[in-house]
Every structure is written in structure tokens, then in C-alpha cells.
Amino acid sequence: MSSEQEWPPLPPFSTGVRGRCPRCGQGHLFSGFLKLRSHCEVCGLDHSYADPADGPAFFVICFASIPTVILALWIEARFEPPYWVHLVTTLPFLLLTCVPPLRPLKGWLVASQYFYKAEEARFVTATPTQPPVAPPADKVSRST
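Residues numbered from 1 in each chain as written. Predicted model: local features only at pLDDT ≥ 70, side-chain atom pairs only at ≥ 80, totals over all residues. Heavy atoms only, no water.

**Q** Quick question: what am I supposed to make of the overall build of the chain here?
**A** Secondary structure summary: the chain contains four helices and zero strands in total. Taken from N to C terminus, the helices and strands of the chain fall in the order α-α-α-α. Expressed as a percentage of its 144 residues, the buried residues of the chain come to 28%. Long-range contacts, defined as pairs at least 24 residues apart, comprise 50% of the intrachain contacts of the chain with a sequence gap of at least 6. Of the accessible surface of the chain, which amounts to about 10,800 Å², a share of 65% is contributed by carbon and sulfur atoms. (Helix = DSSP H or I, 4+ residues; strand = E, 2+ residues; numbered from the N terminus. Buried < 20%, exposed > 50% of the residue type's maximum accessible area, 1.4 Å probe, protein only. Contact = heavy atoms within 4.5 Å. Areas by Shrake-Rupley, 256 points an atom, 1.4 Å probe, with all protein chains shown as cover.)

Here it is, written out as C-alpha cells:
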């Protein structure tokens, strides 16, 4: 495949939100709604480095829950409707604010991992040193 020097750095926001390869900007990042491709079909970039984990879901829940709760409380305080009204108003609002942003957020996080060369932390542990052995208490000479 091509070396890293041949590809200019692309902004992670523009490539990730569009679901494009973070290296070439041409290939597709996803093979399904949220499933990442194993590699780019254009430049061959291996996407095994990418691990956004629960990041997209966390951000979506944090930002979508506030307007949804405000809407539900407003409907409840203003109209005092039966619970089925919340099922046809609040639940669709929640789904519309949660599901569509998942893919662009995941793409942005994956592209950011590539752009900033983020990887899993590797902590180096030093070999344990043994403390010096103290002489037995009965053999310690006392000076008086």
C-alpha cells in the first residue's frame, strides 16, 4: 500500500461526519449503519486502529436527553395528558434526536483517532526491585 507521506492530513470533522476514509477522504468508512469496514477500498487503510467504544452513544444520550426531558415535562405540565400521548410525542422525538447523530459522531471519533494518532495506552511496568534485607534484630550491635 502507499506510504503515509503521500496522503495530506484531512480534517477529521469533514471526513468523519461524511463517513469517508480519514486518510484519503474517498473510501467509505462504514459497511453498515454503524459497522466499520475492515479497510478502505480506495487507499487500503486498515481500520483496525479504530475503537470509538461507547463514545458516540454517550454523547448522543447526553445531548439528546436534555431536550427530550424538557419536552416531556412541558407536555406534562401544560396539558396533563394520559401516558399514551407521551408514547406518540416524546418517544418519537427521543428516537429522532438519538439515532441519526450516531453515525456521524462515530465517523468523527474514528477519523479523530486516525488524525491524532490516538491508540490504547500501554503502561510500562518496571521490574519490581526487592527492598534491602535488614539484618535480624538479635544480631544488631548496640553502641553505648
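From this point, things continue past the structure.
**Q** Looking at this structure, I do not really get the side chain of S112. What am I missing?
**A** Along the polypeptide, S112 turns up in helix α4 (residues 102–115). The buried category is assigned to S112, whose relative accessible area is 15%. Dropping the residues within four chain positions of it, S112 is found in contact with P12 and K117.

**Q** Would you mind going over the nonpolar core with me for this structure?
**A** Soluble globular proteins tend to pack their nonpolar side chains together in the buried interior. Membership of the largest hydrophobic core is limited to six residues, which are C21, C24, C40, C43, L45 and Y114. If near-sequence neighbours (up to four positions away) are discounted, C40 is found in contact with C21, C24, G27, L45 and H47. (Core = buried A, V, L, I, M, F, W, Y, C linked by side-chain atoms within 4.5 Å.)

**Q** Honestly, the side chain of H86 in this entry has me stumped. Any pointers?
**A** One can find H86 in helix α3 (residues 83–98). A distance of 2.8 Å separates the side chain of H86 from the side chain of E76, its partner in a polar contact. Among residues more than four places away in sequence, those in contact with H86 are A72, I75, E76, P81 and L91. (Polar contact = N/O pair within 3.5 Å; in protein donor to acceptor, adjacent residues only side chain to side chain.)

**Q** Looking at this structure, I do not really get the UniProt feature "transmembrane region" (unreviewed entry) in the chain. What am I missing?
**A** Residues given the UniProt feature "transmembrane region" (unreviewed entry) here are residues 57–77 and 83–102. Between the first and last C-alpha atoms of residues 57–77 the distance is 29 Å; the span itself is 100% helix and 0% strand. (UniProt positions renumbered as here; feature names shortened; annotations may be inferred.)

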